[in-house]
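So the chains spell out like this:
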Amino acid sequence: MATNGEAGRHQEVGHKSLLQSDALYQYILETSVYPREPEAMKELREITANHPWNIMTTSADEGQFLNMLLKLINAKNTMEIGVYTGYSLLATALALPHDGKILAMDINRENYEIEFKEGPALPVLDQMIQDGKYQGSYDFIFVDADKDNYLNYHKRLIDLVKVGGLIGYDNTLWNGSVVAPADAPLRKYVRYYRDFVLELNKELAADPRIEICQLPVGDGITLCRRVY
Ligand code: SAH
Ligand code: CA
């Protein structure tokens, strides 16, 4: 995968994946992911590759995973916090039945023909909880926005997701930095968000309302199944 020069100067993994080598990751992409990637996702991925913040995009293997997961759980009503150019959103949309729904939130609106709330997600969630009609209504919620708010999202999303439904928190291995020594030369934003990711991982592991599964896909995704 392309990396920027800065990543090379620091002791972080060059590929976005947490696998042991770029070659192994390329093998997965070329053998199992790209040949089955829907045309629309391929196009979006290629356009996004030229965008200045392309480091934020969901990787193709994670997109494939999300698409399969949503089909397995028969998801119909979904939410996504953190859209960027929409790769994970498209992976979601293509997995839903015709009457499926996605509520998307981002502080930047690109161009989507879906229910979209432009602006910070927290006040939107607060409003939904106040309304009282969204409790326990989501089959799947993908959280991929500001990592320093994940615990604030969790407090609210646990009410909005169905019992038996899933919340997926993305980037929970945070470029591998969760195990970096205290004095490791991390990029500024990696260092800043790392403490929030560490805190989130601890809290999720201790939360009795959910069952969790931490997957080393993409930059790490933690699936949380609401049990009550
Ligand atoms: N899931 C996307 C990647 C999201 S990148 C993909 O597959 O491409 C993170 C996104 O979170 C950015 O688009 C950013 O604008 C958005 N974001 C940051 N802070 C936010 C906030 N407070 N509320 C909602 N979205 C936010
Ligand atoms: Ca992400």
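This text goes with the structure placed above it.
Not measured: the values here are computed from a predicted model.

Now for the packing of aromatic side chains. With the rule as written, the count across this model stands at six aromatic pairs. Ring plane angle 85 degrees and centroid distance 5.9 Å describe the contact between W174 and Y193, whose orientation is recorded as edge-to-face. Of this pair, W174 sits in the loop between strand 5 (161-170) and helix 8 (188-206) while Y193 is found in helix 8, placing the two residues 19 residues apart along the sequence. A relative accessible area of 8% places W174 in the buried class. According to the relative accessible area criterion, Y193 is partly exposed, its value standing at 22%. On the basis of an interplanar angle of 55 degrees and a centroid distance of 5.4 Å, the ring pair of Y192 and F196 is categorised as tilted. Here the residue Y192 and the residue F196 both occupy positions in helix 8, the gap between them amounting to four residues, near one helical turn.

When the charged atoms of two side chains lie near each other, side chains of opposite charge can form a pair. Across all of its chains, the model carries eight salt bridges by this definition. In this structure, the salt-bridge partner of D139 is K162, at a minimum N-O distance of 2.5 Å. Taken as a pair, D139 in strand 4 (residues 138-143) and K162 in strand 5 lie far apart in primary sequence, 23 residues in all. Between D144 and K147 there is a salt bridge, with its nearest N and O atoms 3.2 Å apart. Residue classification places D144 among the buried residues on the basis of a relative accessible area of 13%. Looking at K147, the relative accessible area reads 9%, which means it is buried.

Analysis parameters
Residues numbered from 1 in each chain as written. Chains lettered and ligands numbered in written order. Predicted model: local features only at pLDDT ≥ 70, side-chain atom pairs only at ≥ 80, totals over all residues. Heavy atoms only, no water. Phe/Tyr/Trp six-rings, centres within 6.5 Å; stacked < 30°, edge-to-face > 60°. Helix = DSSP H or I, 4+ residues; strand = E, 2+ residues; numbered from the N terminus. Buried < 20%, exposed > 50% of the residue type's maximum accessible area, 1.4 Å probe, protein only. Salt bridge = Lys/Arg side-chain N within 4 Å of Asp/Glu carboxyl O.

Take it as geometry only, folks, not as evidence of what the structure does.
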